[in-house]
Amino acid sequence: MVGTLMEARGRTTRWEVRIDPGRCKGCGICVAACPMGNLRLSDSVNGLGYHYVEWSYEGTVGPCTGCTACYWVCPEYSILEIVEAGREGEREV
């Protein structure tokens with residue numbers, strides 16, 4: 001929905017989700033919350049022994065819209081920030 005609103009305003013934004021894999025405990029809550037299917041559990045494990053979450057811009061439904069659903073539901077604060085590509089260090093959530 002956010003992406004649709006931005007496109008309607010004549011602006012297309014490429015969003016990036018920054019994740020700290022070392023904090024992730026692989027609960028999958030963010031995976032279930034992502035409406036575009038941009039998150040999945042990795043085949044690899046982190047230092048804690050958990051399959052951590054990985055993000056990709058193109059999900060199973062479509063590109064990341066920057067909705068921040070993953071950020072708000074993560075109980076371990078593994079989702080660090082959602083930013084516009086090219087805008088390093090600027091918090092968007």
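Scroll up to find the structure.
Since the model is a prediction, treat every value here as computed from it, not as a measurement.

J.: Just checking my understanding: could you explain the overall build of the protein chain for this structure?
T.: When you go through the protein chain residue by residue, the secondary structure sums to three helices and four strands. Reading the secondary structure of the protein chain in the N-to-C direction produces α-β-α-β-β-α-β. Evaluated residue by residue, the protein chain yields a buried proportion of 32% over its 93 residues. Looking at the protein chain alone, contacts between residues at least 24 apart form 58% of all its contacts between residues at least 6 apart. As displayed, the protein chain has an accessible area near 5,600 Å², and 53% of this comes from carbon and sulfur atoms.

J.: Hey, could you run me through the side chain of asparagine 46 in this one?
T.: Note that asparagine 46 resides in the loop between β2 (39-45) and β3 (51-55). You can call asparagine 46 buried: its relative accessible area is 10%. Once you skip the residues sitting within four places of it in the chain, asparagine 46 turns out to touch Pro21, Gly22, Cys24 and Tyr52.

J.: Just to check I follow, could you spell out the pattern of salt bridges for this structure?
T.: Side chains bearing opposite charge may pair, as long as their charged atoms lie close to each other. Applying the stated criterion across every chain, the model contains four salt bridges. With its nearest N and O atoms 3.9 Å apart, the salt bridge here joins lysine 25 to glutamate 76. Here glutamate 76 lies in the loop between α3 (69-73) and β4 (79-84) and lysine 25 lies in the loop between β1 (15-19) and α2 (29-33), a separation of 51 residues in the sequence. Since its relative accessible area comes to 39%, lysine 25 is described here as partly exposed. In this structure glutamate 76 comes out as partly exposed when scored by relative accessible area, which is 28%.

J.: Looking at this structure, I do not really get the pairing of β3. What am I missing?
T.: Consecutive side chains of a regular strand alternate in pointing toward one face of the sheet and then the other. Summarising the sheet, β2 and β3 pair through four bridges and their orientation is antiparallel. By the bridge assignment for β3, valine 45 is matched with histidine 51.

The rules we used
Residues numbered from 1 in each chain as written. Predicted model: local features only at pLDDT ≥ 70, side-chain atom pairs only at ≥ 80, totals over all residues. Heavy atoms only, no water. Helix = DSSP H or I, 4+ residues; strand = E, 2+ residues; numbered from the N terminus. Buried < 20%, exposed > 50% of the residue type's maximum accessible area, 1.4 Å probe, protein only. Contact = heavy atoms within 4.5 Å. Areas by Shrake-Rupley, 256 points an atom, 1.4 Å probe, with all protein chains shown as cover. Salt bridge = Lys/Arg side-chain N within 4 Å of Asp/Glu carboxyl O. Pairing = 2+ DSSP bridges.

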